[in-house]
Number of protein chains: 2
Amino acid sequence: MLSLHDVAVRLGELNGWVLEGNAIQKEYSFADFRQALTFVNAVGELAEQQNHHPDIMLRYNRVILTLSTHSAGGLTEKDFELARAIDAR
Amino acid sequence: MLSLHDVAVRLGELNGWVLEGNAIQKEYSFADFRQALTFVNAVGELAEQQNHHPDIMLRYNRVILTLSTHSAGGLTEKDFELARAIDAR
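Residues numbered from 1 in each chain as written. Chains lettered and ligands numbered in written order. Predicted model: local features only at pLDDT ≥ 70, side-chain atom pairs only at ≥ 80, totals over all residues. Heavy atoms only, no water.

A. A look at unusual backbone geometry. The backbone of Asn51(A) shows a phi angle near 50°, a positive value even though the residue is not glycine. Along the chain, Asn51(A) turns up in the loop between helix H2 (33–50) and strand S3 (55–59). (Helix = DSSP H or I, 4+ residues; strand = E, 2+ residues; numbered from the N terminus.)

B. The arrangement of the interface of chain B and chain A in detail. Contacts between the two partners involve 16 residues from chain B, matched on the other side by 16 residues from chain A. Interface of chain B and chain A: buried area, both sides summed, is about 1,600 Å²; carbon and sulfur atoms make up 57% of it. In this structure, the connection of chain B to chain A is made through six salt bridges. Put simply, Asp55(B) and Arg59(A) hold a salt bridge, and the shortest N to O gap is 3.0 Å. (Contact = heavy atoms within 4.5 Å. Buried area = accessible area lost by both parts, 1.4 Å probe. Salt bridge = Lys/Arg side-chain N within 4 Å of Asp/Glu carboxyl O.)

C. Geometry of the nonpolar core. One finds Trp17(A), Val63(A), Leu65(A), Trp17(B), Val63(B) and Leu65(B) to be the most contacted residues of the largest nonpolar core, which totals 52 residues. Here Leu65(B) is in contact with Trp17(B), Ile24(B), Gln25(B), Lys26(B), Tyr28(B), Phe39(B), Val43(B), Asp55(B), Ile56(B) and Ile86(B), once residues within four sequence places are set aside. (Core = buried A, V, L, I, M, F, W, Y, C linked by side-chain atoms within 4.5 Å. Buried < 20%, exposed > 50% of the residue type's maximum accessible area, 1.4 Å probe, protein only.)

D. Spatial organisation of the pattern of salt bridges. Scanning all chains against the criterion turns up 14 salt bridges over all chains. Close ionic contact of Glu48(B) with Arg34(A) constitutes a salt bridge, the shortest N to O distance being 3.4 Å. Taken together, the residues span two chains, with Glu48(B) in helix H2 (residues 33–50) and Arg34(A) in helix H2. A network of salt bridges, in which partner residues are shared, links Arg10(A), Glu77(A) and Arg84(A).

E. Spotlight on the relation of the copies chain B and chain A. Rotating chain B by 180° and translating it 0.0 Å along the rotation axis places it on chain A, where the RMSD comes to 0.0 Å. The transformation just described matches what one would write down for a two-fold rotation axis. Closest approach to the rotation axis within chain B is made by the C-alpha atom of Met57(B), at a distance of 2.3 Å. Most of the interface of chain B is mirrored in chain A, where 100% of its interface residues again form contacts. (Least-squares fit on C-alpha atoms with pLDDT ≥ 70 in both.)

F. Structural view of helix H1 (residues 4–13) of chain B. All names here are of chain B. For H1, the complete set of buried residues consists of Val7, Arg10 and Leu11. Projected down its long axis, H1 shows its buried positions confined to an angular sector of 105°, all on one face. Among the exposed residues of H1, those pointing more than 90 degrees away from its buried face are His5, Gly12 and Glu13. Contact partners of the buried residues in H1: strand S1 (18–20), strand S2 (23–29) and helix H3 (77–88). (Arc of directions from axis to C-beta.)

G. Main features of the side chain of Thr69(A). Residues and elements named next belong to chain A. Position of Thr69 relative to the elements: it lies in the loop between strand S4 (62–67) and helix H3 (77–88). You can call Thr69 buried: its relative accessible area is 6%. Within the structure, the side chain of Thr69 is placed 2.7 Å from the side chain of Asp79, a separation counted as a polar contact. Not counting the four nearest positions on each side in its chain, Thr69 is found in contact with His52, Gly74, Thr76, Lys78 and Asp79. (Polar contact = N/O pair within 3.5 Å; in protein donor to acceptor, adjacent residues only side chain to side chain.)

H. Quick look at H3(B). All names here are of chain B. The terminal C-alpha atoms of H3, which comprises 12 residues, lie 16 Å apart, in line with the 16 Å expected from a rise of 1.5 Å per residue. Restricting attention to buried positions, one finds in H3 the residues Asp79, Phe80, Leu82, Ala83, Ala85 and Ile86. Lining the buried residues of H3 we find H1, S2, H2 and strand S4 (62–67). (Expected span 1.5 Å × (residues − 1).)

Note that every value here comes from positions in space, so none of it alone points to a role or purpose.
Below is the structure:
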């Protein structure tokens with residue numbers, strides 16, 4: 001598990017991700033439901049590639065991703081790798 | 001908006017949907033993330049066809065759908081039409 005210091009450093013390198021309890025979270029907005037669903041599928045592909053899956057909340061044109069490593073009880077490098085990959089897509 | 005009586009009648013005709021505040025909710029389980037994502041896409045197609053969109057929570061192999069008609073401040077026939085279509089797919 002990453003220290004709070006390491007989490008802060010990594011969060012500072014990302015855009016729009018916030019600390020939420022033991023997880024990091026980001027909300028995305030799209031023009032409509034279909035575009036939001038397309039994004040969810042792209043996130044799904046990255047999640048499968050990295051074998052690490054965010055919680056995905058899809059509410060019409062908005063998507064909220066929540067990342068944490070349940071097996072470690074907190075945030076790990078895997079969460080930040082996936083967050084970076086999602087935002088670099 | 002449907003009366004509580006009408007909601008109860010319609011809920012009784014469905015399987016696994018429960019009343020949750022002003023909404024109805026159902027949780028589905030799948031073998032893995034990919035199957036859960038396939039289900040989310042099928043729900044998305046039905047939602048677009050009916051122009052009525054559930055909140056969709058995807059957590060690895062589980063999907064929670066929450067339906068209500070925000071514009072009406074509660075449950076309407078549209079929610080039950082979509083619930084029936086999802087479970088008939």
